Amino acid sequence: MPYILLECLELANKIGSTKDAEWIMMKLQGYPTEGQRNIDTRNEPYKSAQYRVMQPFFRVAFGYPREIEEWPYRTFFYPKPVSQIIRTIRGARSAGVDEVLSTISISDHEDLSELAAKVGSPPGGKLRLFVKLSQFEGILDGLRARIATFLQQVA
């Protein structure tokens, strides 16, 4: 897909469409986040990339016998370059898993202190956050649709 984006970038530059060229560069290099934790997706350049909004969750076990629940966490905009998204998908598939695991520091997220207390995580500890692989694949689906729209517009 990065090769296709490079071809689209060349086409956008050829027809003088700086808006499309900027959009394509964000796909190749990632979206600017400038250290923002919560990106406002109502504004451009994020508004036209709603397919990059993900819903992670925590997996929590309670009681005896252990009953595992999935607790959703706030949605977030995934700003990484398309090449990293592809590597994530390939890595998960080769490992035979259908979700991607990340750890986040409780001290970096005030809203997690209550959850950390419920699951018995120590203050300043880390929590495991999961994202379904299908959400990463959804980013690629959204990107494919956006590329198709661009190509139809310039045809």
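Please read all numbers here as calculations on a predicted model, not as lab measurements.

(A) Up close: helix α3 (residues 82-95). The end-to-end C-alpha distance of α3 is 20 Å, a good match for the 20 Å that 14 residues give at a rise of 1.5 Å each. When α3 is considered as a whole, its buried residues turn out to be Val82, Ile85, Ile86, Thr88, Ile89 and Ala92. The buried side chains of α3 occupy one side of the element, clustering within an arc of 160° when seen end-on. Exposed side chains of α3 directed beyond 90 degrees from the buried face belong to Arg87, Arg90, Ser94 and Ala95. Immediately beyond the C-terminal end of α3, within one or two residues, lies Gly96, with a positive phi of roughly 75°.

(B) Fine view of the packing of aromatic side chains. For the structure on display, the rule yields 5 aromatic pairs. On the numbers, 5.7 Å between centres and 20° between planes, the contact of Phe57 with Phe130 is stacked. Of this pair, Phe57 sits in strand β2 (residues 57-62) while Phe130 is found in strand β6 (residues 126-132), placing the two residues 73 residues apart along the sequence. An identical accessibility class is assigned to Phe57 and Phe130; each is buried. Feature note: the residues Phe76, Tyr78 and Phe136 constitute an aromatic cluster, connected by ring pairs. Lying over the aromatic face of Trp23, Arg146 brings its terminal NZ or CZ to 4.2 Å of the ring centre.

(C) Structural context of the side chain of Glu99. Its place among the elements puts Glu99 in strand β5 (residues 99-105). Here Glu99 falls in the buried class, since its relative accessible area comes to 15%. The residues touching Glu99, leaving out its near neighbours within four places in the chain, are Phe57, Arg59, Phe130, Val131, Lys132 and Leu133.

(D) Structural detail: the nonpolar core. In this structure, Leu5, Trp23, Ile24, Tyr31, Ile85, Phe136 and Leu143 are the most contacted members of the largest nonpolar core, which totals 29 residues. Secondary-structure elements contributing two or more residues to this core are α1 (2-15), α2 (18-29), α3 and α5 (133-154). Sort the elements by how many residues they give to this core and α5 lands first, with 7 residues. Every residue in contact with Ile85, bar those within four places of it in the chain, is listed here: Arg52, Tyr78, Lys80, Phe136, Ile139 and Leu140. Counting residues in hydrophobic clusters, the runner-up holds 10 residues, among them Ile104, Leu112, Ala116 and Leu127.

(E) Structural view of the side chain of Arg146. Of note, Arg146 is situated in helix α5. Discounting residues that sit within four places of it in the chain, Arg146 has contacts with Asp20, Trp23 and Tyr51.

The rules we used
- Residue positions within a chain follow its written sequence, with the count starting from 1.
- In keeping with the predicted nature of the model, local features appear solely for residues at pLDDT of at least 70, side-chain atom pairs appear and are counted solely at 80 or more, and the whole-chain, interface and lining totals rest on all residues.
- Calculated side-chain values reflect all of the structure's heavy atoms, with hydrogen atoms and water omitted.
- The numbering of helices and of strands both runs from the N terminus, where a helix is a DSSP run of H or I of at least 4 residues and a strand a run of E of at least 2.
- To estimate the expected span of a helix, subtract one from its residue number and multiply by 1.5 Å.
- The buried label goes to any residue with under 20% of its type's maximum accessible area, the exposed label to any with over 50%, and the partly exposed label to all in between, with areas taken from a 1.4 Å probe on protein chains only.
- This arc is taken over the directions from the axis of the helix to the C-beta atoms.
- Planes of paired rings set the category: under 30 degrees apart is stacked, over 60 is edge-to-face and the rest tilted, where pairs are Phe, Tyr or Trp rings (Trp by its six-membered ring) whose centres lie within 6.5 Å.
- Any Lys NZ or Arg CZ that is within 6 Å of a ring centre and within 35 degrees of that ring's normal is treated as a charge sitting over the ring.
- Contacts between residues were defined by any pair of non-hydrogen atoms, one from each residue, lying within 4.5 Å.
- Working definition of a nonpolar core: buried Ala, Val, Leu, Ile, Met, Phe, Trp, Tyr and Cys residues. They are joined through side-chain atoms within 4.5 Å.

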